[in-house]
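# Coordinate analysis (summary)
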Amino acid sequence: MGVEGRDGASPFFIVCDHAGNLIPRALGALGLAAGDLSRHIAWDLGAAGVARRLGAALGAHTVWQRYSRLVIDCNRPLGAPDSITRSSERTAIPGNQDVGPAAAGARAREIFQPYHDEIQWALDQRAAAGRPTILVAMHSFTPRFLDRSRPWHVGILFNRDPRLARPLLQALREEDGLVVGENEPYAVTDLTDYSVVTHGERRGIPHVEIEVRQDLIADEGGQAAWAARLARLLPLAARRIGLDTKQTLPPDQPT
């Protein structure tokens, strides 16, 4: 797990569930070739670069998961069918074929729980201090999936609470040349997502999940450009629904 800006004054709080493709040494490579671990099945390429740049631009607390979703998916409820997936796209994951309850529990304790404990602790601290929070989950998606092209440049995802997603969709659609998906290419559900459902929706705080197409953020230039765009549009979207985006700190901390 990586953390930056823990003392950041921004109301924005950035998470990136699939930032890395590390595999614990004890699990080898889960029986996969090195090339497979560089693919989307293992992580969200480019998402960490956008998330960290976005967090720096907004002065936001940013938390990202370094371990691969193939070890345990930090954006799935524990026990969900693909929490520890046996296959992804058309690729079988040999090291996940016979994971018993004890081994699954160990992965949860060592990887899933510390990541979400950090997020929960930080959000609890902010709530206790009376600080506003706007949760943003950063992801990326492939230009093609199972031989089908995906036309969207960016997707804005939400479940039961669209209050931040709606103005952000509008702001992105006002940009020149962007194809913007609403709950495309994925949609948030209680079974397929964890972070925005648990830390955003169930807390009642404004939140949104953002998916950027990977070919647009494959290099540092693309990551910087998308971070700058989102750093400009997220506060705009928040202000459109009356949210305060000013930098704030608890009274006992310096500004």
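All of the points below concern the structure found in this document. This one's a predicted model, so the numbers in the text were calculated from it and none came from an experiment.

So, on to the side chain of Arg126. Tracing the chain through its elements places Arg126 in helix α3 (residues 101-128). As a buried residue without a salt bridge, Arg126 has its nearest oppositely charged side chain in Asp7, at a separation of 9.1 Å. Among the polar contacts listed, one links the side chain of Arg126 to the backbone oxygen of Pro132, at a separation of 3.2 Å. With sequence-adjacent residues up to four places away left out, Arg126 is seen in contact with Gly8, Ser10, Pro11, Phe12, Phe13, Arg131, Pro132 and Thr133.

What follows covers the environment of Ile241. Positionally, Ile241 belongs in the segment after α6 (220-240). Here the alpha-carbon distance between Ile241 and Arg166, two residues 75 residues apart in the chain, equals 9.5 Å. When sequence neighbours within four positions are dropped, the list of residues in contact with Ile241 reads Arg163, Leu164 and Pro167.

Enumeration over the complete set of coordinates arrives at one aromatic pair. Between Phe112 and Tyr194, the ring centres sit 5.1 Å apart and the planes meet at 65 degrees, which makes this aromatic pair edge-to-face. One end of the pair, Phe112, is in helix α3; the other, Tyr194, is in the loop between β10 (180-182) and α5 (195-201), and 82 residues separate them in sequence. Accessibility classification places Phe112 together with Tyr194 in one group, the buried group.

Moving on, we get to the pairing of strand β3 (residues 61-64). Neither face of β3 is open: one carries His61 and Val63, the other Thr62 and Trp64, and all of them are buried. Sheet topology places strand β1 (residues 2-4) next to β3; three bridges connect them, and they run antiparallel. Paired with Gly2 across the bridge in β3 is Trp64. Relative to β3, strand β2 (residues 12-16) runs parallel, the two being bridged by four bridges. Following the sheet pairing, Phe13 is matched in β3 by His61.

What follows is about unusual backbone geometry. Each neighbour pair has its own omega, and for Glu184 with Pro185 the value is 0 degrees, a cis peptide bond. In this fold, Pro185 is placed in the loop between β10 and α5. A positive phi angle is found at Asn183, which is not glycine, with a value near 50 degrees. Looking at the element boundaries, Asn183 is found in the loop between β10 and α5.

Cut-off values and rules
- Residues numbered from 1 in each chain as written.
- Predicted model: local features only at pLDDT ≥ 70, side-chain atom pairs only at ≥ 80, totals over all residues.
- Heavy atoms only, no water.
- Helix = DSSP H or I, 4+ residues; strand = E, 2+ residues; numbered from the N terminus.
- Buried < 20%, exposed > 50% of the residue type's maximum accessible area, 1.4 Å probe, protein only.
- Lys, Arg positive; Asp, Glu negative; His and termini not counted.
- Salt bridge = Lys/Arg side-chain N within 4 Å of Asp/Glu carboxyl O.
- Polar contact = N/O pair within 3.5 Å; in protein donor to acceptor, adjacent residues only side chain to side chain.
- Contact = heavy atoms within 4.5 Å.
- Phe/Tyr/Trp six-rings, centres within 6.5 Å; stacked < 30°, edge-to-face > 60°.
- Pairing = 2+ DSSP bridges.

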